[in-house]
Amino acid sequence: MLVLGIETSCDETAVGIVEDRLTLHANVIASQTDLHAPYGGVVPEVAARAHLEQLLPTIDRALVQSGARLSDVDAIAVTHGPGLVGALLVGVSAAKGLALAHDLPLLGVNHLRAHVEVAQLEYGDLTPPLVALVVSGGHTSIVVMDEDGTFRQLGSTIDDAAGEAFDKIARFIGLPFPGGPEIDKLAWGGDPSAYAFPRAMQHDGSYDMSLSGLKTAVVRELRRLEAAGQEPDLADVAASFQEAIVDVQLEKTLAAAAAEDIDQVVLAGGVAANSRLRQRFAAACETNGQRLVVPSIPLCTDNGAMVAASGSNLLAAGSSAGIDLAVDPNLPLAG
Ligand code: KG4
Ligand code: ZN
(Lines give C-alpha, C1' and ligand atoms only; values in the text may rest on other atoms or scores of the structure.)
(Ligands and ions follow the chains in the order given, each with its own letter.)
Protein backbone atom coordinates (compact mmCIF):
# COMPACT_ATOMS: atom_id res chain seq x y z
CA MET A 1 0.00 0.00 0.00
CA LEU A 2 1.43 3.32 -1.15
CA VAL A 3 0.78 6.39 1.02
CA LEU A 4 1.49 9.95 -0.11
CA GLY A 5 2.09 12.30 2.83
CA ILE A 6 1.73 16.08 2.77
CA GLU A 7 3.42 18.37 5.33
CA THR A 8 2.64 22.11 5.45
CA SER A 9 2.45 22.83 9.19
CA CYS A 10 5.22 25.42 9.30
CA ASP A 11 7.74 26.64 6.73
CA GLU A 12 8.56 23.53 4.72
CA THR A 13 6.32 22.37 1.88
CA ALA A 14 7.11 18.67 1.92
CA VAL A 15 5.81 15.48 0.35
CA GLY A 16 6.84 11.90 1.06
CA ILE A 17 5.80 8.55 -0.37
CA VAL A 18 6.01 5.39 1.76
CA GLU A 19 5.10 1.82 0.89
CA ASP A 20 3.79 -0.62 3.47
CA ARG A 21 4.77 1.51 6.47
CA LEU A 22 8.52 0.94 6.26
CA THR A 23 9.83 1.63 2.75
CA LEU A 24 10.58 5.18 1.68
CA HIS A 25 10.16 5.91 -2.04
CA ALA A 26 10.27 9.71 -2.12
CA ASN A 27 11.02 12.60 0.19
CA VAL A 28 10.90 16.07 -1.41
CA ILE A 29 11.09 19.42 0.37
CA ALA A 30 10.51 22.90 -1.02
CA SER A 31 12.09 24.99 1.71
CA GLN A 32 10.89 28.52 2.42
CA THR A 33 13.95 29.47 4.47
CA ASP A 34 15.02 32.21 2.04
CA LEU A 35 11.57 33.82 2.15
CA HIS A 36 11.53 34.05 5.96
CA ALA A 37 15.23 34.81 6.54
CA PRO A 38 14.89 38.60 6.07
CA TYR A 39 12.31 38.64 8.91
CA GLY A 40 14.43 36.48 11.24
CA GLY A 41 11.56 34.04 11.77
CA VAL A 42 8.59 32.36 10.11
CA VAL A 43 5.89 34.81 8.95
CA PRO A 44 2.59 32.85 8.94
CA GLU A 45 0.98 34.63 5.95
CA VAL A 46 4.15 34.27 3.87
CA ALA A 47 4.29 30.57 4.77
CA ALA A 48 0.67 29.90 3.74
CA ARG A 49 1.08 31.68 0.41
CA ALA A 50 4.31 29.83 -0.37
CA HIS A 51 2.67 26.48 0.45
CA LEU A 52 -0.10 27.35 -2.00
CA GLU A 53 2.46 28.00 -4.74
CA GLN A 54 4.76 25.08 -3.94
CA LEU A 55 2.50 22.20 -2.96
CA LEU A 56 1.35 20.88 -6.35
CA PRO A 57 4.85 21.06 -7.93
CA THR A 58 6.25 19.32 -4.82
CA ILE A 59 3.69 16.50 -5.14
CA ASP A 60 4.71 16.13 -8.80
CA ARG A 61 8.41 15.97 -7.88
CA ALA A 62 7.73 13.33 -5.21
CA LEU A 63 5.79 11.19 -7.71
CA VAL A 64 8.64 11.48 -10.23
CA GLN A 65 11.20 10.57 -7.53
CA SER A 66 9.18 7.50 -6.53
CA GLY A 67 8.53 6.37 -10.09
CA ALA A 68 4.83 6.04 -9.21
CA ARG A 69 1.78 7.78 -10.70
CA LEU A 70 -0.99 9.32 -8.69
CA SER A 71 -3.20 6.42 -9.77
CA ASP A 72 -0.79 4.03 -7.97
CA VAL A 73 -1.28 5.81 -4.63
CA ASP A 74 -3.58 4.06 -2.12
CA ALA A 75 -4.14 6.84 0.44
CA ILE A 76 -3.43 10.53 1.10
CA ALA A 77 -1.99 11.50 4.49
CA VAL A 78 -1.73 15.08 5.69
CA THR A 79 -0.56 16.89 8.82
CA HIS A 80 -3.66 18.45 10.42
CA GLY A 81 -1.91 19.79 13.54
CA PRO A 82 -0.21 21.17 15.48
CA GLY A 83 1.14 24.09 13.47
CA LEU A 84 0.25 27.42 11.88
CA VAL A 85 -3.45 27.46 11.04
CA GLY A 86 -3.17 29.05 7.58
CA ALA A 87 -0.27 26.80 6.63
CA LEU A 88 -2.08 23.66 7.83
CA LEU A 89 -5.21 24.63 5.88
CA VAL A 90 -3.31 24.65 2.57
CA GLY A 91 -2.13 21.06 3.06
CA VAL A 92 -5.43 19.76 4.42
CA SER A 93 -7.48 21.37 1.62
CA ALA A 94 -5.19 19.94 -1.04
CA ALA A 95 -5.26 16.49 0.57
CA LYS A 96 -9.07 16.54 0.66
CA GLY A 97 -9.19 17.52 -3.00
CA LEU A 98 -6.87 14.68 -3.99
CA ALA A 99 -8.69 12.14 -1.82
CA LEU A 100 -12.08 13.14 -3.27
CA ALA A 101 -10.92 13.31 -6.88
CA HIS A 102 -9.20 9.92 -6.76
CA ASP A 103 -11.59 8.26 -4.31
CA LEU A 104 -8.84 7.54 -1.78
CA PRO A 105 -8.85 7.32 2.03
CA LEU A 106 -7.77 10.52 3.82
CA LEU A 107 -5.44 10.13 6.82
CA GLY A 108 -5.11 12.91 9.42
CA VAL A 109 -1.58 12.91 10.84
CA ASN A 110 -0.36 14.42 14.12
CA HIS A 111 2.89 16.25 13.29
CA LEU A 112 4.53 15.42 16.64
CA ARG A 113 3.63 11.76 16.47
CA ALA A 114 5.01 11.69 12.93
CA HIS A 115 8.36 13.11 14.17
CA VAL A 116 8.63 10.02 16.41
CA GLU A 117 7.24 7.44 13.97
CA VAL A 118 9.52 8.48 11.09
CA ALA A 119 12.24 6.40 12.78
CA GLN A 120 10.50 3.25 11.53
CA LEU A 121 11.76 4.06 8.01
CA GLU A 122 15.35 3.56 9.17
CA TYR A 123 15.05 1.28 12.20
CA GLY A 124 12.11 -0.92 11.19
CA ASP A 125 9.04 -1.20 13.39
CA LEU A 126 9.35 0.68 16.67
CA THR A 127 8.76 -1.67 19.57
CA PRO A 128 7.20 0.28 22.44
CA PRO A 129 7.50 0.98 25.30
CA LEU A 130 9.88 3.81 24.55
CA VAL A 131 10.71 7.24 25.90
CA ALA A 132 10.90 10.01 23.30
CA LEU A 133 12.37 13.47 23.53
CA VAL A 134 10.42 15.58 21.05
CA VAL A 135 12.36 18.79 20.43
CA SER A 136 11.44 21.17 17.62
CA GLY A 137 10.89 24.83 16.87
CA GLY A 138 7.49 24.80 18.55
CA HIS A 139 7.61 21.87 20.98
CA THR A 140 9.81 20.42 23.66
CA SER A 141 8.44 17.48 25.58
CA ILE A 142 9.33 14.13 27.07
CA VAL A 143 6.77 11.46 26.26
CA VAL A 144 6.30 7.73 26.67
CA MET A 145 4.92 5.56 23.90
CA ASP A 146 3.24 2.69 25.72
CA GLU A 147 2.99 -0.88 24.45
CA ASP A 148 -0.40 -0.18 22.84
CA GLY A 149 1.09 2.69 20.79
CA THR A 150 -0.56 5.49 22.76
CA PHE A 151 1.45 8.46 23.98
CA ARG A 152 1.69 9.80 27.53
CA GLN A 153 3.31 13.16 28.18
CA LEU A 154 5.60 13.23 31.21
CA GLY A 155 6.73 16.82 30.94
CA SER A 156 7.35 19.74 28.64
CA THR A 157 8.89 23.18 28.49
CA ILE A 158 7.02 25.73 30.55
CA ASP A 159 8.18 28.59 28.30
CA ASP A 160 10.36 28.49 25.16
CA ALA A 161 10.76 25.42 22.96
CA ALA A 162 14.37 24.30 22.47
CA GLY A 163 14.42 25.25 18.78
CA GLU A 164 12.95 28.64 19.62
CA ALA A 165 15.77 29.25 22.14
CA PHE A 166 18.38 28.25 19.54
CA ASP A 167 16.80 30.54 16.94
CA LYS A 168 16.49 33.52 19.31
CA ILE A 169 20.08 33.34 20.57
CA ALA A 170 21.37 32.86 17.02
CA ARG A 171 19.48 35.95 15.94
CA PHE A 172 20.86 37.92 18.89
CA ILE A 173 24.44 37.11 17.97
CA GLY A 174 23.82 37.91 14.31
CA LEU A 175 23.56 34.43 12.79
CA PRO A 176 21.12 33.80 9.93
CA PHE A 177 17.71 32.09 10.31
CA PRO A 178 17.13 29.27 11.15
CA GLY A 179 19.67 29.59 13.92
CA GLY A 180 19.82 26.05 15.32
CA PRO A 181 22.14 24.60 12.68
CA GLU A 182 24.26 27.80 12.76
CA ILE A 183 24.80 27.58 16.55
CA ASP A 184 25.59 23.88 16.13
CA LYS A 185 28.34 24.72 13.59
CA LEU A 186 29.73 27.67 15.54
CA ALA A 187 29.84 25.62 18.76
CA TRP A 188 32.22 23.10 17.23
CA GLY A 189 35.06 25.60 17.65
CA GLY A 190 34.06 26.61 21.18
CA ASP A 191 34.55 25.50 24.77
CA PRO A 192 31.27 24.23 26.29
CA SER A 193 32.48 25.04 29.80
CA ALA A 194 33.63 28.60 29.04
CA TYR A 195 30.43 30.14 30.46
CA ALA A 196 28.40 28.73 33.34
CA PHE A 197 24.92 29.40 31.96
CA PRO A 198 21.94 28.31 34.11
CA ARG A 199 20.34 24.88 33.82
CA ALA A 200 16.89 25.75 35.18
CA MET A 201 14.88 22.96 36.84
CA GLN A 202 17.60 20.40 36.05
CA HIS A 203 17.41 18.72 39.45
CA ASP A 204 13.80 19.49 40.46
CA GLY A 205 12.61 15.92 39.97
CA SER A 206 10.02 16.88 37.34
CA TYR A 207 10.16 16.31 33.60
CA ASP A 208 9.32 19.92 32.85
CA MET A 209 11.91 22.36 31.58
CA SER A 210 12.39 26.10 31.36
CA LEU A 211 14.58 27.76 28.75
CA SER A 212 13.72 31.44 28.90
CA GLY A 213 16.09 32.11 31.83
CA LEU A 214 18.97 30.59 29.88
CA LYS A 215 18.20 32.85 26.95
CA THR A 216 18.14 35.90 29.23
CA ALA A 217 21.42 34.85 30.88
CA VAL A 218 23.17 34.63 27.49
CA VAL A 219 21.85 38.04 26.41
CA ARG A 220 22.83 39.59 29.76
CA GLU A 221 26.38 38.17 29.59
CA LEU A 222 26.87 39.49 26.04
CA ARG A 223 25.63 42.94 27.09
CA ARG A 224 27.91 42.90 30.14
CA LEU A 225 30.94 42.08 27.99
CA GLU A 226 30.00 44.78 25.51
CA ALA A 227 29.64 47.38 28.29
CA ALA A 228 33.05 46.35 29.63
CA GLY A 229 34.53 46.83 26.17
CA GLN A 230 35.38 43.14 25.86
CA GLU A 231 34.98 41.09 22.70
CA PRO A 232 33.05 37.84 23.43
CA ASP A 233 34.28 34.59 21.95
CA LEU A 234 31.05 33.70 20.15
CA ALA A 235 32.09 30.08 19.61
CA ASP A 236 32.48 29.72 23.39
CA VAL A 237 29.10 31.40 23.95
CA ALA A 238 27.41 29.10 21.40
CA ALA A 239 29.05 25.97 22.83
CA SER A 240 28.19 26.90 26.44
CA PHE A 241 24.59 27.80 25.58
CA GLN A 242 24.14 24.57 23.61
CA GLU A 243 25.67 22.52 26.43
CA ALA A 244 23.21 23.96 28.94
CA ILE A 245 20.27 22.93 26.74
CA VAL A 246 21.70 19.48 26.07
CA ASP A 247 22.51 18.85 29.76
CA VAL A 248 18.91 19.41 30.85
CA GLN A 249 17.33 17.44 27.99
CA LEU A 250 19.70 14.53 28.53
CA GLU A 251 19.30 14.34 32.28
CA LYS A 252 15.50 14.62 32.23
CA THR A 253 15.01 12.15 29.37
CA LEU A 254 17.24 9.53 30.94
CA ALA A 255 15.64 10.07 34.36
CA ALA A 256 12.25 9.44 32.72
CA ALA A 257 13.52 6.26 31.09
CA ALA A 258 14.90 5.02 34.42
CA ALA A 259 11.73 5.89 36.36
CA GLU A 260 9.54 4.18 33.76
CA ASP A 261 11.95 1.22 33.54
CA ILE A 262 12.21 1.67 29.77
CA ASP A 263 15.47 0.93 27.96
CA GLN A 264 14.67 2.51 24.59
CA VAL A 265 15.12 6.21 23.88
CA VAL A 266 13.98 8.03 20.71
CA LEU A 267 15.15 11.51 19.67
CA ALA A 268 12.66 13.34 17.45
CA GLY A 269 12.11 16.77 15.86
CA GLY A 270 14.33 19.40 14.29
CA VAL A 271 16.56 19.95 17.33
CA ALA A 272 17.34 16.21 17.31
CA ALA A 273 19.53 17.15 14.32
CA ASN A 274 21.87 18.89 16.80
CA SER A 275 25.25 17.19 16.69
CA ARG A 276 26.08 17.72 20.37
CA LEU A 277 22.67 16.40 21.50
CA ARG A 278 23.17 13.29 19.35
CA GLN A 279 26.72 12.79 20.58
CA ARG A 280 25.85 13.14 24.29
CA PHE A 281 22.80 10.84 24.03
CA ALA A 282 24.81 8.24 22.08
CA ALA A 283 27.52 8.19 24.76
CA ALA A 284 25.09 8.09 27.70
CA CYS A 285 22.84 5.41 26.19
CA GLU A 286 25.87 3.26 25.42
CA THR A 287 27.08 3.56 29.01
CA ASN A 288 23.60 2.71 30.35
CA GLY A 289 22.96 -0.14 27.92
CA GLN A 290 19.93 1.67 26.47
CA ARG A 291 18.94 1.47 22.82
CA LEU A 292 19.07 4.88 21.11
CA VAL A 293 16.82 5.46 18.11
CA VAL A 294 17.72 8.65 16.27
CA PRO A 295 16.66 9.36 12.68
CA SER A 296 19.17 10.66 10.15
CA ILE A 297 19.26 14.47 10.02
CA PRO A 298 16.97 14.98 6.97
CA LEU A 299 14.31 12.92 8.75
CA CYS A 300 14.63 14.92 12.02
CA THR A 301 13.73 18.32 10.56
CA ASP A 302 10.26 18.71 9.02
CA ASN A 303 9.73 16.43 6.02
CA GLY A 304 7.02 14.62 4.09
CA ALA A 305 8.36 11.11 4.74
CA MET A 306 7.31 11.37 8.38
CA VAL A 307 3.74 12.19 7.39
CA ALA A 308 3.61 9.31 4.90
CA ALA A 309 5.06 6.93 7.53
CA SER A 310 2.64 7.99 10.26
CA GLY A 311 -0.25 7.95 7.75
CA SER A 312 0.79 4.45 6.72
CA ASN A 313 0.39 3.35 10.34
CA LEU A 314 -3.10 4.90 10.45
CA LEU A 315 -4.05 3.12 7.23
CA ALA A 316 -2.81 -0.21 8.58
CA ALA A 317 -4.83 0.40 11.76
CA GLY A 318 -7.93 1.22 9.68
CA SER A 319 -8.30 4.73 11.07
CA SER A 320 -8.92 7.04 8.16
CA ALA A 321 -10.43 10.51 8.58
CA GLY A 322 -13.66 11.86 7.15
CA ILE A 323 -13.73 14.58 4.53
CA ASP A 324 -14.62 16.93 7.42
CA LEU A 325 -11.07 16.53 8.85
CA ALA A 326 -10.36 19.78 10.71
CA VAL A 327 -7.03 21.50 11.26
CA ASP A 328 -6.04 21.84 14.91
CA PRO A 329 -3.17 24.31 15.51
CA ASN A 330 -2.84 23.03 19.11
CA LEU A 331 -3.29 19.30 18.53
CA PRO A 332 -1.59 17.56 21.49
CA LEU A 333 0.71 14.56 21.14
CA ALA A 334 -0.83 12.66 24.00
CA GLY A 335 -4.51 11.96 24.58
O1 KG4 B 1 10.87 19.99 13.63
P2 KG4 B 1 11.29 21.24 12.92
O3 KG4 B 1 11.94 21.12 11.58
O4 KG4 B 1 10.06 22.21 12.77
C5 KG4 B 1 9.10 22.31 13.77
O6 KG4 B 1 8.22 21.41 13.83
O7 KG4 B 1 9.21 23.27 14.57
O8 KG4 B 1 12.27 22.03 13.93
C9 KG4 B 1 12.83 23.25 13.55
C10 KG4 B 1 13.75 23.72 14.66
C11 KG4 B 1 14.29 25.13 14.40
O12 KG4 B 1 14.14 25.87 15.60
C13 KG4 B 1 15.76 24.87 14.07
O14 KG4 B 1 16.61 25.95 14.43
C15 KG4 B 1 16.04 23.65 14.90
O16 KG4 B 1 14.89 22.85 14.75
N17 KG4 B 1 17.23 22.91 14.43
C18 KG4 B 1 18.35 22.75 15.17
C19 KG4 B 1 19.29 22.08 14.36
N20 KG4 B 1 18.69 21.83 13.14
C21 KG4 B 1 17.44 22.34 13.22
N22 KG4 B 1 18.63 23.15 16.43
C23 KG4 B 1 19.86 22.86 16.90
N24 KG4 B 1 20.81 22.22 16.19
C25 KG4 B 1 20.57 21.81 14.92
N26 KG4 B 1 21.52 21.18 14.22
ZN1 ZN C 1 8.38 19.59 13.21
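Before reading on, note that the structure itself is shown above.
Let me begin by describing the structure that accompanies this report.

Right, let's get into the site of ligand 1. Not every one of the 19 residues close to ligand 1 is listed here, only the nearest: Gly-137, Asp-167, Asp-184, Gly-270 and Asp-302. His-115 places a side-chain nitrogen or oxygen 3.0 Å from an oxygen atom of ligand 1. With respect to ligand 1, the backbone of Gly-270 contributes an N or O atom lying 3.0 Å from an oxygen atom. For ligand 1, whose free accessible area comes to 560 Å², the fraction covered by protein is 88%. At a threshold of 2 Å from the grid points, most atoms of ligand 1 map onto the largest pocket. Sorting the residues of the shell around ligand 1 by element identifies helix H4 (111-117), helix H6 (162-172) and helix H7 (179-187) as the ones contributing at least two each. Residue classes in the shell around ligand 1 are distributed as 5 nonpolar, 11 polar and 3 charged.

The next subject is the sheet that holds strand S8 (residues 151-156). Ordered by their spatial adjacency, 5 strands build an open sheet running S8-S7-S6-S9-S10, and the pairing between neighbours is mixed. Edge positions in the sheet fall to S8 and strand S10 (291-293), since each has one partner strand and no second. When strand polarity is set aside, the average angle formed by the axes of neighbouring strands in this sheet is 25°. The strands that helix H9 (residues 234-260) touches are strand S6 (130-135), strand S7 (140-145), S8 and strand S9 (264-268); relative to S6, the one it contacts most, it runs at about 160°.

Our focus in this paragraph is helix H12 (residues 305-316). Look at H12: 16 Å from first C-alpha to last across 12 residues, which is about the 16 Å you get at 1.5 Å a residue. In terms of burial, H12 is largely enclosed, as 9 of its 12 residues are buried. Regarding H12, the residues found buried are Ala-305, Met-306, Val-307, Ala-308, Ala-309, Ser-310, Gly-311, Ser-312 and Asn-313.

Analysis parameters
- Residues numbered from 1 in each chain as written.
- Chains lettered and ligands numbered in written order.
- Predicted model: local features only at pLDDT ≥ 70, side-chain atom pairs only at ≥ 80, totals over all residues.
- Heavy atoms only, no water.
- Near = heavy atom within 4 Å.
- Polar contact = N/O pair within 3.5 Å; in protein donor to acceptor, adjacent residues only side chain to side chain.
- Areas by Shrake-Rupley, 256 points an atom, 1.4 Å probe, with all protein chains shown as cover.
- 1 Å grid on protein atoms, 1.4 Å probe; cavity = no way out; pocket = protein on both sides within 12 Å on 5 of 7 lines; lining within 4 Å.
- Sits in = over half its atoms within 2 Å of the grid points.
- Helix = DSSP H or I, 4+ residues; strand = E, 2+ residues; numbered from the N terminus.
- Nonpolar A, V, L, I, M, F, W, Y, C, P; charged D, E, K, R; others polar.
- Pairing = 2+ DSSP bridges.
- Axes fitted to C-alpha atoms, helices over the stretch in contact; angles between N-to-C directions.
- Contact = heavy atoms within 4.5 Å.
- Expected span 1.5 Å × (residues − 1).
- Buried < 20%, exposed > 50% of the residue type's maximum accessible area, 1.4 Å probe, protein only.

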